[in-house]
Structure formats: C-alpha cells, structure tokens
Amino acid sequence: MLFCLIGTDKPDALAIRLANREAHVKYWKESGRIAAGGPFTSDDGAAMNGSLLAIEAADRAEVERLAAEDPYTKAGLFERVEIRAWKWVLNPR
C-alpha cells in the first residue's frame, strides 16, 4: 500500500534541513520503501521548505515508525507532518 508523508518545515529552518539532508536522503534510499519523493520549494525553486514522500508500506503504523527515525524528524525540522493513504493512478510505475 502507498502512503504520502507531507512534511512542512518550521519557519526559518533551512539550516536544519541542509545540515540533515544527506542523512535524510540516505535513510530513505536504504529503506527501500520510497516510490517517489522530493522537497517542496518556493515558487522560484530557490528554497526548500517541506517534503513529499510516497512510501510503500504494509500499513500506517509502519509509515509512522519509519517517519519517527527520519533524520529530519529527529532534528526537529518539521512544523507539521501529515500521512495519507494514496492510490497512484497517473503514470504509476
């Protein structure tokens, strides 16, 4: 099953994001659970300000466990996190 994790950064948290980005990307790559993912940005693409991850998992509890170990979560980057079940209809792999 697929779930989307939508993380919204705390205001003025770009330094936290950048300091933990390499570990965050490595963590999710090694999890083997990501169908798609990347940062939200400002309209001009210059500044990252959130994250979207499409995560393959058995259930919401698994996504919550994975998210709790995300280096971004541990660093306190997100102001809010939303997890939603998702059906990939357009251009699925």
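Further up the page is the structure itself.
Residues numbered from 1 in each chain as written. Predicted model: local features only at pLDDT ≥ 70, side-chain atom pairs only at ≥ 80, totals over all residues. Heavy atoms only, no water.

### Remarks on the environment of Asn91
Along the chain, the position of Asn91 falls in the segment after β4 (78-86). For Asn91, a relative accessible area of 73% translates into the label exposed. Linking Asn91 and Gly7, residues 84 residues apart in sequence, is a C-alpha distance of 23 Å. (Helix = DSSP H or I, 4+ residues; strand = E, 2+ residues; numbered from the N terminus. Buried < 20%, exposed > 50% of the residue type's maximum accessible area, 1.4 Å probe, protein only.)

### Overview of the packing of aromatic side chains
As enumerated under the stated definition, the model contains three aromatic pairs in all. Note on Tyr72 and Phe78: the rings are 6.0 Å apart at their centroids and 85 degrees apart in plane angle, and the pair reads as edge-to-face. With a relative accessible area of 0%, Tyr72 lands in the buried category. The exposure class assigned to Phe78 is buried, which follows from its relative accessible area of 12%. (Phe/Tyr/Trp six-rings, centres within 6.5 Å; stacked < 30°, edge-to-face > 60°.)

### Things to note about the sheet that holds strand β3 (residues 48-56)
Strand order across the open sheet formed by four strands is β2-β3-β1-β4, with antiparallel pairing between neighbours. Strands at the two margins of the open sheet, each flanked by one partner only, are β2 (34-41) and β4. Neighbour-to-neighbour, the strand axes of this sheet turn through a mean angle of 15 degrees, independent of strand direction. Contacts from helix α1 (residues 14-31) reach β1 (2-9), β2, β3 and β4 within the one sheet, and its direction differs from that of β3 by about 10 degrees. Of the strands in this sheet, β1, β3 and β4 are in contact with helix α2 (residues 60-68), which crosses β4 at around 150 degrees. (Pairing = 2+ DSSP bridges. Axes fitted to C-alpha atoms, helices over the stretch in contact; angles between N-to-C directions. Contact = heavy atoms within 4.5 Å.)

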